[in-house]
Amino acid sequence: MKLYLPTVDIDSASVDGIGFFDHPGIASLITQAPLGALWVKNLPHAPFDKIEKILSHLASDNGRHLGDRLNQAYTKNMVFKDAWAVGKGGPSVDRKRVLDLSPERLEAIAESDPQVLMVAKQTTELSQVLNFWQETVDCTQKLLKAVAIGIGSDNVLDDVAFNFRMVDYYSHNDQETEAPRCGEHRDFGTFTLIHTTGSGLEIQDPTSGKWMPVGPNPGDAALMLFGWCTQIRSNGRIPAALHRVVDSRGESTVTDGEVPRRLSAILFCAPKKHETLLDPVVGPEKQRKYIGGVRVGQLRGSMARKWRHREGTEDEEDRIYEEHEIRVQNMKTQDDVVKKFIAI
């Protein structure tokens, strides 16, 4: 049984047949979207042929030095991540390769190692892919306004940052050691837009606990998922989607035991400033679900260790903190962080 989701058409500026871009109407659709997810049609098309070439080059013997240089040029977080290839895989570590870029990262990389971006653009089609990301960012203003209306506060518009992620769920033998492709989690930020080349993404129904495959895609649409920042700010009216990625194991997708490659192009939209408040907007005669006064930096700091652990990029300090939180405070997931510090 697949999960059927409502659709927003951003190009023709209509929602399920409405002939104009009705921000309040879309906000209503957002607050009623099942499980914190919907489709967005007519965003710029993800150039997966070019994304595939970039990720294949970074995974090759000749290209790995490029990934190393990108990581050395931006030391705040890793840019290219391939935990299993560097011996950091494990039963709770995602089996995937990731390239994470953003305007901030690109600026820092260009300042630290001016040649590395030039090399990347010469050896891959990075320039065209960055154009796609910018075009997508330009389209998000309508969605941001609708989310702000759904939350009930324009504060969401005051601090907005974007991260561009390209993911390679590379082909592997389905008899290999079990490991998640992308372990279950809720995203941190305001919303996420996901383009993908294949099935495998699932959302959990909190009532039944069942995992529901998402589909069918209504014509090359992107999946929009809401994150913890939106759930907290909306006082739970707009839920953050609990989701994961699994291998597609149907007869039409697995050939001679090989699970096919799956690519994703993901735009994360989230507040960036440490001091930005995540105060919930509580409706009339509604009960407050989250405390006020929590700042973005406080929540991100606690959650970041969880996703670095899942991606196999935690350092020794992260590992010690993570073991302490799990053993002493029973905080295994990002959800546990919210329950411990923010939920009422």
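Residues numbered from 1 in each chain as written. Predicted model: local features only at pLDDT ≥ 70, side-chain atom pairs only at ≥ 80, totals over all residues. Heavy atoms only, no water.

Trainee: Would you explain the pattern of salt bridges in this entry?
Mentor: As a working rule, side chains carrying opposite charge can pair if their charged atoms are close by. This structure, assessed with the given rule, holds 26 salt bridges. Arginine 97 is paired through a salt bridge with aspartate 82; the nearest N and O atoms lie 2.8 Å apart. A residue pair is termed long-range when its members are at least 10 positions apart, and arginine 97 in strand β5 (residues 97-101) and aspartate 82 in the loop between β4 (80-81) and β5 qualify at 15 residues. Taken as a pair, arginine 97 and aspartate 82 share a single burial class, namely buried. (Salt bridge = Lys/Arg side-chain N within 4 Å of Asp/Glu carboxyl O. Helix = DSSP H or I, 4+ residues; strand = E, 2+ residues; numbered from the N terminus. Buried < 20%, exposed > 50% of the residue type's maximum accessible area, 1.4 Å probe, protein only.)

Trainee: What is the right way to look at the side chain of aspartate 100 in this model?
Mentor: Mapped onto the fold, aspartate 100 is located in strand β5. What makes aspartate 100 buried here is its relative accessible area of 1%. Among the polar contacts listed, one links the side chain of aspartate 100 to the side chain of lysine 81, at a separation of 2.8 Å. At 2.7 Å, the side chain of aspartate 100 and the side chain of arginine 165 are in polar contact. If near-sequence neighbours (up to four positions away) are discounted, aspartate 100 is found in contact with Met78, Val79, Lys81, Arg105, Asn163, Phe164 and Arg165. (Polar contact = N/O pair within 3.5 Å; in protein donor to acceptor, adjacent residues only side chain to side chain. Contact = heavy atoms within 4.5 Å.)

Trainee: For this particular structure, what's the right way to read the side chain of histidine 185?
Mentor: Summarising the element assignment, histidine 185 is placed in strand β8 (residues 182-185). Classification of histidine 185 by relative accessible area gives buried; the value is 9%. Within the local environment of histidine 185, its side chain forms a polar contact with the side chain of aspartate 187, the two groups lying 3.1 Å apart. Excluding its chain neighbours within four sequence positions, the residues that come into contact with histidine 185 are Ala241, Leu242, His243, Arg310 and Gln334.

Trainee: Help me out: how do you make sense of the pairing of β5 in this one?
Mentor: For a regular strand, side-chain orientation follows a simple rule: the groups alternate between the two sheet faces. For β5, a buried count of 5 out of 5 residues is recorded, marking the element as mostly surrounded by other parts of the structure. Side chains of β5 alternate between two faces, with Arg97, Leu99 and Leu101 and Val98 and Asp100 buried alike. Two strands pair when backbone bridges link them, and β4 and β5 are joined in this way by 2 bridges, in the antiparallel orientation. Bridged to lysine 81 within β5 is valine 98. Looking at chain direction, β5 and strand β6 (residues 161-169) are connected through 5 bridges and run antiparallel. Bridge pairing in β6 links aspartate 100 to arginine 165. (Pairing = 2+ DSSP bridges.)

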